[in-house]
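Okay, here's what each chain looks like letter by letter:
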Amino acid sequence: MPKIIAIHSYRGGTGKSNLTANLAVAIALQGKRVAVVDTDLQSPGIHTIFNSNIPSKTLNDYLWNRCSIQDTAYDVSSAIGLEQKGKIFLISSSVNVNEIARIISEGYNVNLLNSGFQRLIKELELDYLFLDTHPGLSRETLLSIAISNLLILILRPDSQDFQGTAVTVDVARQLKVPNMLIAINKVASKIDFSELQEKVEMTYDIPVAGILPVSEEMMQLGSSGVFCLRYPNHPLTQILNQVALKAIADQKPGF
């Protein structure tokens, strides 16, 4: 059964889009058909990680009934070097300032997102659909959380992140999300990883899928590529692969 995985953080700057892209690619490398949707309509950007320009049709066009949801999906597999192992489709949101302003001022029919996601899964024969959400708790974020089979929450070892994540966990439990995992990102090397994992799991009663240390190579890459493809033998890539395997394994049957 295909699965919807929402990647979310309460605050911006957690590395959410990079984690989404790398987990999606790691799973595609297992021979799976994967799509990534940038549902951060107010500040889109995951397309840069896939070295992709904004295509002629975006998620905004679908939401304004200008095209079908299938028309917004672009196969970026070859562009990132996935020649014979799985598929990656990217659904971008518009970076046009007028389109963003319209979304903010007028809103849109949120129900179109759910029906569109189901159509993508069917038409592209997907194994996994990743949703890169808008930070915080916007309407599209709540929908993404509600319809996901797995919610991966990202936090940094920061007091504000701890507090905000508690709010998100409470909302997710009210929405009856069947599975949740936590990824702790940008962790300084001097922090005791075992103590940090114990603290997080005791605080939220959710398994920690992985602890990702601060990486100079990730910072140098600057969201201009998929880290696990650029640095396949890097220790951080090994952790990302472990998180991807947890994302595949720790799921109840969906839909």
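Heads up: the structure comes first, above all this text.
Residues numbered from 1 in each chain as written. Predicted model: local features only at pLDDT ≥ 70, side-chain atom pairs only at ≥ 80, totals over all residues. Heavy atoms only, no water.

Chemist: Before we go on, may I ask you to explain the overall build of the protein chain in this structure?
Modeler: A count of helical and extended segments in the protein chain gives eleven helices and eight strands. In terms of its C-alpha atoms, the protein chain occupies a principal-axis envelope of roughly 50 × 40 × 35 Å. For the protein chain, the residues scored as buried account for 55% of the 255 residues in total. Summarising the internal contacts of the protein chain: among those between residues at least 6 apart in sequence, 77% fall at separations of at least 24. Roughly 11,300 Å² of accessible area belongs to the protein chain as shown, and the carbon and sulfur atoms make up 47% of that amount. Here the protein chain carries 22 positive and 24 negative side-chain charges, and the mean point of each set is 4 Å from the other. (Helix = DSSP H or I, 4+ residues; strand = E, 2+ residues; numbered from the N terminus. Buried < 20%, exposed > 50% of the residue type's maximum accessible area, 1.4 Å probe, protein only. Contact = heavy atoms within 4.5 Å. Areas by Shrake-Rupley, 256 points an atom, 1.4 Å probe, with all protein chains shown as cover. Lys, Arg positive; Asp, Glu negative; His and termini not counted. Charge placed at Lys NZ, Arg CZ, Asp CG, Glu CD.)

Chemist: Even after reading the chapter, I still don't get the pattern of salt bridges, so can you show me in this structure?
Modeler: Two side chains that carry opposite charge are able to pair once their charged atoms sit near each other. Under the counting rule described, the total for this entry stands at nine salt bridges. Residue Lys 16 is joined to Asp 132 by a salt bridge in which the shortest nitrogen-to-oxygen separation is 2.8 Å. In this pair, Lys 16 sits in helix H1 (residues 16-28) while Asp 132 sits in strand S5 (residues 128-132), placing the two residues 116 residues apart along the sequence. Overall, Lys 16 belongs to the buried group, its relative accessible area being 6%. Given a relative accessible area of 1%, Asp 132 falls into the buried group. A salt bridge links Arg 102 to Glu 106; its shortest N-O distance comes to 3.2 Å. A residue pair is termed a helical-turn pair when its members lie 3 or 4 positions apart in one helix, as Arg 102 and Glu 106 do in helix H4 (residues 97-106) at four residues. For Arg 102, a relative accessible area of 30% puts it in the partly exposed group. A relative accessible area of 55% means that Glu 106 is categorised as exposed. Counted as one network, the salt bridges with shared partners bring together Arg 11, Arg 156, Asp 158 and Asp 161. (Salt bridge = Lys/Arg side-chain N within 4 Å of Asp/Glu carboxyl O.)

Chemist: Teacher, can you tell me more about the packing of H1 against helix H11 (residues 235-249) here?
Modeler: Between H1 and H11, the shortest axis-to-axis distance is 9 Å and the interhelical angle comes to 70 degrees. By the angle between their axes, H1 is roughly perpendicular relative to H11. Judged by residue contacts, Leu 19, Asn 22, Leu 23, Ala 26 and Ile 27 of H1 engage Leu 240, Asn 241, Val 243, Ala 244 and Ile 248 from H11. In the contact of H1 with H11, the residues fall into eight nonpolar, two polar and no charged. (Axes fitted to C-alpha atoms, helices over the stretch in contact; angles between N-to-C directions. Parallel < 35°, antiparallel > 145°, perpendicular 65-115°, else oblique. Nonpolar A, V, L, I, M, F, W, Y, C, P; charged D, E, K, R; others polar.)

Chemist: What is the right way to read the sheet that holds strand S4 (residues 87-91) from this model?
Modeler: In a beta sheet, neighbouring strands pair by backbone hydrogen bonds and run either parallel or antiparallel. Taken in spatial order, the eight strands line up as S3-S4-S2-S5-S1-S6-S7-S8 in an open sheet, and their pairing is mixed. The open sheet has two free edges, formed respectively by strand S3 (73-75) and strand S8 (208-213), since each of these has just one partner strand. Adjacent strand axes in the sheet meet at a mean angle of 20 degrees when their direction is disregarded. Across five bridges, the pairing between strand S2 (residues 33-38) and S5 is parallel. Within S5, the residue paired with Val 37 across the bridge is Leu 131. Sitting on the sheet, helix H8 (residues 193-204) is in contact with strand S6 (150-155), strand S7 (180-187) and S8, with an inclination near 140 degrees to S8. (Pairing = 2+ DSSP bridges.)

Chemist: Would you mind going over the packing of aromatic side chains with me for this structure?
Modeler: Any two aromatic rings considered together are summarised by their centre-to-centre distance and by the angle between their planes. Scanning all chains against the criterion turns up two aromatic pairs. Seen in terms of ring centroids, Phe 162 and Tyr 204 are 6.2 Å apart; in terms of plane orientation they differ by 20 degrees. Their pairing is stacked. One end of the pair, Phe 162, is in helix H7 (residues 159-174); the other, Tyr 204, is in helix H8, and 42 residues separate them in sequence. Judged by relative accessible area, which is 13%, Phe 162 ranks as buried. The cationic tip of Arg 102 hangs over the ring face of Trp 64; the distance from NZ or CZ to the ring centre is 3.6 Å. The positively charged end of Lys 199 is found above the aromatic ring belonging to Phe 162, 4.6 Å away from the centroid. (Phe/Tyr/Trp six-rings, centres within 6.5 Å; stacked < 30°, edge-to-face > 60°. Lys NZ or Arg CZ within 6 Å of the ring centre and 35° of its normal.)

Chemist: What am I meant to see in the packing of helix H5 (residues 111-123) against helix H6 (residues 139-147) here?
Modeler: The description of two packed helices rests on the angle between their axes and on the distance between the axes. Across the interface, H5 lies against H6 with an axial gap of 9 Å and an inter-helix angle of 40 degrees. Classified by the angle between their axes, H5 and H6 sit oblique to one another. Considering only the axes of H5 and H6, their crossing is right-handed. Here Leu 113, Asn 114 and Phe 117 of H5 lie close against H6, whose contacting residues are Glu 140, Leu 143 and Ile 147. (Left-handed = near helix turned anticlockwise from the far one by under 90°.)

Honestly, that's just the spatial picture; any functional story needs more than this.
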